[in-house]
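Structural overview
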Amino acid sequence: MGMEMCTRTFTNVLFFNPSFSLPSSNSLLLLRVNTAPFKFNSLKLSSFTPQIRFTSSPFTVSASSSSSSSSSSSSSSSVAPGTKRDSLPAELKVTETEEPNSRVRLHVEVPPLVCEDCYQRVIAEFMKQAKIPGFRPGKKVPESILVSYVGSKNVQKATIESILKRTLSHAMTSVSGRALQDSVRIVTKFSEMEETYSSNGSLRYDVIADVAPEIKWIPDNNAYKKLKIVVEIDSDIDAHKVSEQEFRRRYKSIGALKVVTDRGLQVGDVAVLDISATTIDQDESNVKNIPSAESKGFNFDTEDGDKVLPGFLDSIIGICRGETKSFPLVFPETWMQENLRGVHAQFTVECKELFYRDLPELDDSIADKLIPGCTTVEQVKDLLLQRCQEVEQTAREQATDNAILDQISKMVDVDIPQSLFEEQGRQLYGSSLLEIQAKMKLNNQQLASLTSPKAVNEYLEHQKENIINLIKQNLAVGDIYRRENLQFSTEDLVKEVENSIAEFKRQNQEYDEERVKEQVQEILEGAKVLEWLREHAEIQYVTR
């Protein structure tokens, strides 16, 4: 039978620590497992994290970007893979300066000889294309007439663009193989480049690029080999405890509910309650309702009394159908909702209906009703325990992986590039939107609002710490994979890529096969690293 992990939820504030149960015999196993959003040991397309991808060399600068930037405060010219690197008639002078967030600034000085060569190429190109009145096509046009016809300003802009296209790949030599994809851009104002070129026939410009961050392990490079992990396991995933609860739930489900007519509420009964609550304050004018504690027609199983607000069950024991009771209670300091911790409240409870369970004899005759195909009660219990043990093991493994990832993220010092932060953050945000869209079917207006720059930037700011931790985990795992020379099989890669693509097709989603391969490869690498760390770490399990 398939397994699924999820959280059983309750709408009423009273149930702050819900129990976990297995539904009907033909349903999936339901257990809550505390998991982080970053998981290596299960392939999940929506949780892919970006790899560090480097730019290809040489580069070209988009002419439209450069030209249009002349009217802006600064040019942020786009850089992309270009044609074969062109030789230059003279050497460039490039000064590299390190900046925060794994960024480098390159100050490039292009000598007049290179600028003049680019100018002559531009003139030659205009000569081929220009159709000047009075000159036959292909006939040489005097340079002064050509410049006058085309416009000296246009010739100058075209020359500067030619200089940038020809020199940028040479200027980037020192960061070749280190610069991150889509992070390279010219930041000098186009107007400043025009002024420099006009005054002395040379050109100066600055380029910034994010580079692959250096990972420093604390206190040393062997830190990850000496992990001491304490893994907290929720007592609610204990297989024996959960299987017993599930057996009891299934047993109760085949019993009949009958109306209580001659007594008040007892433990074991089921009551239908109307509940309301107000704060208790000496200043009666300051009394407020507690909306999250209000419920109409609330089905309360008294066997879940240990999961409600302390004192609630004891306060209503003995209540009869049609009766109303009012009593004070205090929300404990450990309450899930912070705004209610320590609050003194006055509860009013009306019992609308009261039932007791008429349960069948607990013998082998009911085994098939508990789980179809079972012939004895003992067989039912064994099967439930087996299922719960499988989920408990999965939960323990996931909790262990989460603890390891959390630990190694604290053991690395990384100067994270802004481009990598934004790529990771935007991918997480995109995954969240896909999940929301799948659940709510957002309309175009809602999608436009959620995908606006403002919404994305607010998400990046709000999730900054989480995004940074995920990047640290990802970089640390990649570093360990390389250091320990870990490997996975080609067969595993092919299989998981095929599965991932099949999932995209099933959901009618577009995909880039090469990108999918990169993402799957990263997750398989991560799985290998976690396997290696589990084998070499000192792990202690504690129950909370």
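Residues numbered from 1 in each chain as written. Predicted model: local features only at pLDDT ≥ 70, side-chain atom pairs only at ≥ 80, totals over all residues. Heavy atoms only, no water.

Going by an unreviewed UniProt entry, the chain carries the name peptidylprolyl isomerase and comes from Canavalia gladiata.

Bringing the confidence of the model for the chain into the picture now. When pLDDT is averaged along the chain, the result is 82, and 83% of the positions lie at 70 or above. In the model of the chain, helix 1 (residues 63-68) stands out as the element of lowest mean pLDDT, 34, in contrast to strand 4 (residues 103-110), which has the highest, 96. Throughout residues 1-50 the model reports pLDDT below 50, and contacts reaching past four residues in sequence, or to other chains, amount to 147 contacts. This model gives residues 56-83 a pLDDT under 50, and the stretch forms 65 contacts once residues within four places in sequence are excluded. (pLDDT = per-residue confidence, 0-100. Helix = DSSP H or I, 4+ residues; strand = E, 2+ residues; numbered from the N terminus. Contact = heavy atoms within 4.5 Å.)

Okay, the UniProt feature "coiled-coil region" (unreviewed entry) in the chain next. Mapped onto this numbering, the UniProt entry gives "coiled-coil region" (unreviewed entry) at residues 494-521. Along residues 494-521 the backbone is 79% helical and 0% strand, and the end-to-end C-alpha distance reaches 10 Å. (UniProt positions renumbered as here; feature names shortened; annotations may be inferred.)

Let us look at the state of the cysteines. For the structure shown, the criterion picks out zero disulfides. There is no disulfide at Cys-115, and the cysteine sulfur nearest it, in Cys-118, is 6.7 Å away. For Cys-115, a relative accessible area of 1% puts it in the buried group. Of the residues examined, Cys-118 reaches a relative accessible area of 0% and is grouped as buried. (Disulfide = S-S within 2.5 Å. Buried < 20%, exposed > 50% of the residue type's maximum accessible area, 1.4 Å probe, protein only.)

This part covers helix 13 (residues 464-483). Helix length check: helix 13 (20 residues) gives 28 Å between terminal C-alpha atoms against 28 Å at 1.5 Å per residue, within 8%. Of the residues trailing helix 13, Asn-485 is marked for its positive phi of about 50°. (Expected span 1.5 Å × (residues − 1).)

Moving on, we get to the nonpolar core. Judged by nonpolar contacts, the single largest core of 51 residues is most densely connected at Trp-217, Leu-227, Ile-408 and Leu-533. Here this core gets eight residues from one element, more than from any other, and that element is helix 13. Those residues in contact with Trp-217 that sit more than four places away from it in its chain are Ala-223, Tyr-224, Ile-408, Met-411, Val-412, Ala-476, Asp-479, Ile-480 and Arg-483. (Core = buried A, V, L, I, M, F, W, Y, C linked by side-chain atoms within 4.5 Å.)

This part takes up the pattern of salt bridges. Note that side chains of opposite charge can pair when their charged atoms are close. In total, this model carries 27 salt bridges according to the counting rule given. Linking Asp-301 and Arg-357 is a salt bridge whose minimum nitrogen-to-oxygen distance equals 3.3 Å. On the criterion of sequence distance, the pair formed by Asp-301 in strand 11 (residues 295-301) and Arg-357 in strand 13 (residues 344-358) is long-range, its members being 56 residues apart. The class for Asp-301 is buried, based on a relative accessible area of 12%. Through salt bridges with shared partners, a single ionic network connects Arg-248, Lys-252, Asp-301, Glu-303 and Arg-357. (Salt bridge = Lys/Arg side-chain N within 4 Å of Asp/Glu carboxyl O.)

Okay, unusual backbone geometry next. Here the amide bond leading from Ile-218 into Pro-219 is cis, since omega sits at 5°, within 30 degrees of zero. Its location among the elements puts Pro-219 in the loop between strand 7 (215-217) and strand 8 (228-233). Not every positive phi belongs to a glycine, and Asp-182 is a case in point at roughly 65°.

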